[in-house]
Amino acid sequence: MYLPSHFEESRPEVLHELVRMHPLGLLITLGPTGLQANPVPFMLDVNADADGDHGAAPAPVLRAHVARANPVWHEARSDVESLVVFQGPQAYISPSLYPTKAATGKVVPTWNYVVVQARGTLRVVDDAPWLHALVTRLTDKHEAPRATPWAVTDAPDDYVQTMLRAIVGIEITLTALAGKWKVSQNRSAVDRDGVAFGLRAQADARGDAQASAMAELVARGGVKG
């Protein structure tokens, strides 16, 4: 992706947190008919080792499962890397939000967004115990905020085993992880404040999320001036 240095985010802990907060990734693979794109919820293991080589330096691993009927697990080429795109907060930015507009009029619309791209070779895991452990972890994670969390063990075991036979695991050991935080760093402090105020005033989830992303970047020292 096009990545000017002032929008680049390379801190691993920041990139990992974005993936955890927005786990539905767009999995892009190359198959016999060309590029394929599949939205898939992933789990990120930062210190995992997919190959079982405990002497190697740990690399982040993305794990997920897809329907056995989905051809991606057997059509994705293993000789080229796959790409997973995780989309964070995003919002349209009107020129009217910049105080500079009143002073010079030299402003144009833009779009603010946060995105992380992950690359690695896709490996298929067709193993019932592995899948059972994965779906249990995924379920526990996403059910945790609920007052009465649902658990895999709430379903009859024979039913769970039938469901497991209908899915296939995938695992991607990451070779590259890149982040782009386009959140008005290229504007003056007064214009950034105007954007944040305007987004909050919209009183919608998209505006609030983008304003929060701007504030978090400033708090982490990612914006100068």
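The structure under discussion appears in the preceding block.
Residues numbered from 1 in each chain as written. Predicted model: local features only at pLDDT ≥ 70, side-chain atom pairs only at ≥ 80, totals over all residues. Heavy atoms only, no water.

Undergrad: Explain the overall build of the chain here, please?
TA: The number of helices and strands found in the chain is seven helices and eight strands. Projected onto the principal axes, the alpha-carbon positions of the chain cover approximately 70 × 45 × 40 Å. Within the chain, the proportion of its 225 residues that are buried is 41%. Of the charged side chains in the chain, 21 are positive and 24 negative; the average position of the first set lies 11 Å away from that of the second. (Helix = DSSP H or I, 4+ residues; strand = E, 2+ residues; numbered from the N terminus. Buried < 20%, exposed > 50% of the residue type's maximum accessible area, 1.4 Å probe, protein only. Lys, Arg positive; Asp, Glu negative; His and termini not counted. Charge placed at Lys NZ, Arg CZ, Asp CG, Glu CD.)

Undergrad: When you look at the nonpolar core in this model, what are you seeing that I'm missing?
TA: Taken as a class, soluble globular proteins show a tendency for nonpolar side chains to be buried jointly. L27, F42, L62, V84, F86, I172 and W181 are the most contacted members of the largest nonpolar core, which totals 35 residues. Mapped onto this core, the elements with two or more residues apiece are α1 (12-21), β5 (61-67), β6 (82-93), β7 (110-125), β8 (167-182), α6 (189-201) and α7 (205-219). When neighbours within four sequence positions are excluded, W181 is seen to be in contact with F7, E9, V14, L15, L18, Y113, V114, V115, V116, L217 and R220. In terms of nonpolar packing, the next biggest core, distinct from the first, is built from seven residues, L131, V135, V152 and V160 among them. (Core = buried A, V, L, I, M, F, W, Y, C linked by side-chain atoms within 4.5 Å. Contact = heavy atoms within 4.5 Å.)

Undergrad: Quick question: what am I supposed to make of unusual backbone geometry here?
TA: Most of the time, phi is negative for any residue but glycine, and the peptide bond is trans. One non-glycine residue, S184, lies in the positive phi region at around 70 degrees. Within the element layout of this structure, S184 appears in the loop between β8 and α6. Relative accessible area serves as the criterion here: at 3%, S184 is assigned to the buried category. Despite not being glycine, A203 shows a phi value in the positive range, around 55 degrees. Note on placement: A203 falls in the loop between α6 and α7.

Undergrad: Hey, could you run me through the packing of helix α4 (residues 128-143) against helix α5 (residues 157-164) in this one?
TA: In helix packing, the relevant descriptors are the interaxial angle and the interaxial distance, both defined with respect to the helix axes. At a closest axis distance of 10 Å, the pairing of α4 and α5 adopts a crossing angle of 105 degrees. Judged on the interaxial angle alone, α5 and α4 are roughly perpendicular. Packed against α4, whose contacting residues are A128, L131, H132 and V135, the element α5 presents V160, Q161 and L164 at the interface. Looking at side-chain class alone, the contact of α4 with α5 contains five nonpolar, two polar and no charged residues. (Axes fitted to C-alpha atoms, helices over the stretch in contact; angles between N-to-C directions. Parallel < 35°, antiparallel > 145°, perpendicular 65-115°, else oblique. Nonpolar A, V, L, I, M, F, W, Y, C, P; charged D, E, K, R; others polar.)

Undergrad: What exactly am I supposed to notice about the packing of aromatic side chains here?
TA: Any pair of aromatic rings gets described here by the distance separating the centres and the angle formed by the planes. One pass over the full model with this rule turns up two aromatic pairs. Look at F42 and F86: their rings are 6.0 Å apart centre to centre, the planes differ by 75 degrees, and that puts the pair in the edge-to-face class. With F42 in the loop between β3 (34-41) and β4 (43-45) and F86 in strand β6, this residue pair connects regions lying 44 residues apart in the sequence. The exposure classification of F42 matches that of F86, with both residues buried. Positioned over the ring face of W73 is R68, at 5.9 Å from the centre of the ring. (Phe/Tyr/Trp six-rings, centres within 6.5 Å; stacked < 30°, edge-to-face > 60°. Lys NZ or Arg CZ within 6 Å of the ring centre and 35° of its normal.)

Undergrad: Looking at this structure, how should I read the side chain of Q36?
TA: The topology assignment puts Q36 in strand β3. Looking at Q36, its side chain comes within polar contact range of the side chain of E75, at 3.0 Å. Apart from residues lying up to four places away in sequence, Q36 is in contact with L27, I28, T29, G31, V72 and E75. (Polar contact = N/O pair within 3.5 Å; in protein donor to acceptor, adjacent residues only side chain to side chain.)

Undergrad: Got a minute to help me understand the pattern of salt bridges in this structure?
TA: Pairing of side chains with opposite charge becomes possible as their charged atoms draw close. Counting across every chain of the model gives ten salt bridges. Between R11 and E9 there is a salt bridge; the shortest N-O distance is 2.8 Å. The buried category is assigned to E9, whose relative accessible area is 5%. Among the salt bridges present, the one from R146 reaches E143, with a minimum N-O distance of 3.4 Å. One connected set of salt bridges, linked through shared partners, spans D45, R63, R123, R137 and E171. (Salt bridge = Lys/Arg side-chain N within 4 Å of Asp/Glu carboxyl O.)

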